[in-house]
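The primary structure of each chain is shown beneath.
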Amino acid sequence: MKDPVQKTIGYRLTHTARLQKALSARLLAGLGLFPGQESVLKLLCEADGRTMGDLASALRVRPPTASKTIARLTTQGLVERRATDGDGRLVRVFLTDAGRERGASIDHVWDQLEAEMVVGLDSKEKKRLRKLLRKVEKNLALRLGADGGLDDEAEPGDEDEDA
């Protein structure tokens, strides 16, 4: 007999998130990256030369966490830190050529991960799932008194006819 907890939405979300994270880690390992590093590279691909504070804020982590990730990426030769002219205290992070190359490969990994997660779902089911997850996300963020970085706008084509 199944544990009743396993029938809860919270359990399903938690278990699904763990599996998604494990598959993501496996796919990123093929690029020589660890989870979290891809987000930094993508942010820098969008706007190179961000400060540590900018990165921490965009990643929604504390500055020491962002600093550790940048240190690892620096060791891998994917980013470099440079002091800003006139203010040696302000450090900006820039992609190296290798980092730019690696960053360009991340979309393929994300596309592959997405495709593997939704195998067997038709387009209507995918839209409905996105919509339901946004609702759960919004409920949790409101309960915590934060917006949680929510994007309240539905993606094009995500509107349900029966909503």
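What you see is a predicted model; the values in this text were computed from it and never measured.

Glancing now at the nonpolar core. Leu33, Leu41, Leu44, Ile70, Leu73, Val79 and Val93 are the most contacted members of the largest nonpolar core, which totals 21 residues. Of all the secondary structure elements, the ones that give two or more residues to this core are α1 (9-29), α2 (37-46), α3 (52-59), α4 (63-75), β3 (87-95) and α5 (97-117). At four residues, the largest contribution of residues to this core is made by α2. In contact with valine 79, not counting residues within four places along its chain, are Leu41, Leu44, Ile70, Leu73, Thr74, Val93, Phe94, Leu95 and Thr96.

On to the side chain of threonine 96, then. Counting through the fold element by element, threonine 96 comes out in the loop between β3 and α5. From its side chain, threonine 96 meets the backbone oxygen of glycine 77 in a polar contact 2.6 Å long.

Quick look at the confidence of the model for the chain now. Of the residues in the chain, 89% reach a pLDDT of 70 or more, and the chain-wide mean stands at 89. The element-level mean pLDDT for the chain is lowest in β3, coming to 86, with α2 highest at 96.

Criteria and thresholds
- Residues numbered from 1 in each chain as written.
- Predicted model: local features only at pLDDT ≥ 70, side-chain atom pairs only at ≥ 80, totals over all residues.
- Heavy atoms only, no water.
- Core = buried A, V, L, I, M, F, W, Y, C linked by side-chain atoms within 4.5 Å.
- Buried < 20%, exposed > 50% of the residue type's maximum accessible area, 1.4 Å probe, protein only.
- Helix = DSSP H or I, 4+ residues; strand = E, 2+ residues; numbered from the N terminus.
- Contact = heavy atoms within 4.5 Å.
- Polar contact = N/O pair within 3.5 Å; in protein donor to acceptor, adjacent residues only side chain to side chain.
- pLDDT = per-residue confidence, 0-100.

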